[in-house]
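Next come the chains, spelled out residue by residue.
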Amino acid sequence: MKQDIDWSKLGFHYTETEYIVRAACHNGVWEEPYATTDKYLHLHVSATSLQYGQEAFEGLKAFRGVDGKIRIFRWRENARRMARSAEGLYMTPVPEELFGRAIRLALEKNMDFVPPYGTGATLYFRPLLIGTTPRLGVGPGRDFEFVVIPSPIGPYYPGKFHCTTFIVNRHVDRAAPLGTGQFKVGGNYASSFRATEPAHAQGMDCIFLDAKYHRYIDECSAANFIGIKGNEYLTPRSTAILPSITNNSLMTLARERGMKVTRRHIRLEELAEMSECAACGTACVISPIDKVIDPEHDKTYSFGKEPGPILTELYHALRDIQFGRAEDKHGWCEIVS
Ligand SMILES: Cc1ncc(COP(=O)(O)O)c(C=O)c1O
């Protein structure tokens, strides 16, 4: 229960809150979301989510700001991305406004689980969409369940903003060029475990290359890639990567700071010409990289042990908006209370 939570010790792990929010869809019609304390689904063993991976999810956060107000960051972008994932897997998309109502309800019912300002912790929401129609013949279902699972999570960097080492994996492809990499669906993550688990066991994370040529950087296991070359913010163009909302926000902030922002194919060897690079996503905002190890080519690209100045500035700029310390010029935050 919340009184047992030591906010300063929270990591990026699931901490159960009192309520989740649920809504069902049958034959294209969504019911209104409702809150429940029951965290279990009564799911048919032949549900299309279990049989054929008809499942999509999202991840977004609410922040308690310096002024005590709670801000939900860019939830409409998550709603739109989830709708694209749903369409990609032949599911009935959750309407954008219903998605918003479900997130707000999940927040209102779990207000006490929004971590206090100053702890760096936030309330994370995991929206989940699953196919529930029983089927054995291969094909999509017509019934779906939408769930919002809240969880307070700790700051990605307790203490100091620091670097992580990444390893290139040429033995596992995360997603095919015309596959589901652009969607946030469970199958992409299950298929990466063969690469990510051994990397994590060595205290590292993975960089995946494009699956066709194994030449260009695609993305990291659960984050986009960013490189800094002179005054240029570089990020991969690929049909196999997830369009990151954090990356999109950072690109705007980089442009505002006079940087050139380029999205294009990035050869792995181009790392040698970059002064800084990082992974970016909701969980970490920016995860600076100290080294990229390419074991097959016996090569290591080094960027120094400390986060570089440009990515550090962008990290703080985005955190300041999320925690209400800087003006939200782009209207990214919805203030809830
Ligand atoms: C594969 C992948 N790429 C990128 C991201 C970053 O996306 P966002 O910034 O919207 O969290 C995530 C996390 O959601 C991810 O899982």
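Fair warning: this is a prediction, and the values are worked out from it, not measured in the lab. Residue positions within a chain follow its written sequence, with the count starting from 1. A pLDDT threshold of at least 70 governs which residues receive local features in this predicted model, and a stricter bar of 80 or more applies before side-chain atom pairs are shown or counted, although totals over entire chains, interfaces and linings include all residues. Calculated side-chain values reflect all of the structure's heavy atoms, with hydrogen atoms and water omitted.

Chemist: What is the right way to read the overall build of the chain from this model?
Modeler: Here a strand is any run of E in DSSP of at least two residues, a helix any run of H or I of at least four, and the numbering for each starts at the N terminus. The secondary structure content of the chain amounts to seven helices and 18 strands. Radius of gyration here is computed from C-alpha atoms only, and the compact-globule reference equals 2.2 Å multiplied by the residue count raised to the power 0.38. Relative to a compact globule of 337 residues, whose C-alpha radius of gyration would be 20 Å, the chain shows 20 Å and is just as compact. When its C-alpha atoms are laid out on the principal axes, the chain stretches across 55 × 50 × 35 Å. Exposure categories follow from relative accessible area, calculated using a 1.4 Å probe and restricted to protein chains: below 20% of the type maximum is buried, above 50% is exposed, and the middle band is partly exposed. Buried residues in the chain amount to 54% of all 337 residues. Whether two residues are in contact is decided by their heavy atoms: any pair within 4.5 Å suffices. Contacts in the chain between residues far apart in sequence, at least 24 positions, make up 71% of those at least 6 positions apart. Here the open area of atoms and residues is found with the Shrake-Rupley method and a 1.4 Å probe, where only the protein chains shown may cover a residue. Accessible area for the chain stands at about 15000 Å²; split by element, carbon and sulfur atoms hold 52% of it.

Chemist: What is the right way to read the site of the ligand from this model?
Modeler: Contacts to the ligand come from 16 residues, most closely from Tyr189, Glu219, Ser244, Thr246 and Thr282. Polar contact criterion, stated in full: a pair of N or O atoms within 3.5 Å, where within protein one must be able to donate a hydrogen and the other to accept it, and residues adjacent in sequence count only if both atoms are side-chain atoms. The side chain of Glu219 places a nitrogen or oxygen atom 2.7 Å from a nitrogen atom of the ligand. A distance of 2.5 Å separates an oxygen atom of the ligand from a polar side-chain atom of Thr282. Every element with two or more residues in the shell around the ligand is listed here: α6 (245-256) and β15 (276-281). Residues are classed as near a molecule or strand on a simple rule: at least one heavy atom within 4 Å of it.

Chemist: I would appreciate a short explanation of the packing of aromatic side chains in the present structure.
Modeler: Working definition: a ring pair exists when centres of Phe, Tyr or Trp rings (six-membered ring for Trp) sit within 6.5 Å. Plane angles under 30 degrees give stacked, over 60 give edge-to-face, the rest tilted. For the coordinates displayed, the defined rule picks out 13 aromatic pairs. Both rings, one in Tyr157 and one in Tyr315, keep their centres 6.2 Å apart while their planes meet at 75°; by these two values the pair is edge-to-face. On the criterion of sequence distance, the pair formed by Tyr157 in the loop between β8 (143-153) and β9 (164-169) and Tyr315 in helix α7 (residues 309-322) is long-range, its members being 158 residues apart. Tyr315 matches Tyr157 in its accessibility class, with the two residues each being buried. Centroid distance Phe161 to Tyr315: 4.0 Å. Interplanar angle 20°. Geometry classified as stacked. Here the residue Phe161 occupies a position in the loop between β8 and β9, and Tyr315 occupies one in helix α7, the gap between them amounting to 154 residues. The same class applies to Phe161 as to Tyr315, namely buried. Within the aromatic cluster, the residues linked to one another by ring pairs are Trp30, Trp75, Phe99 and Phe146.

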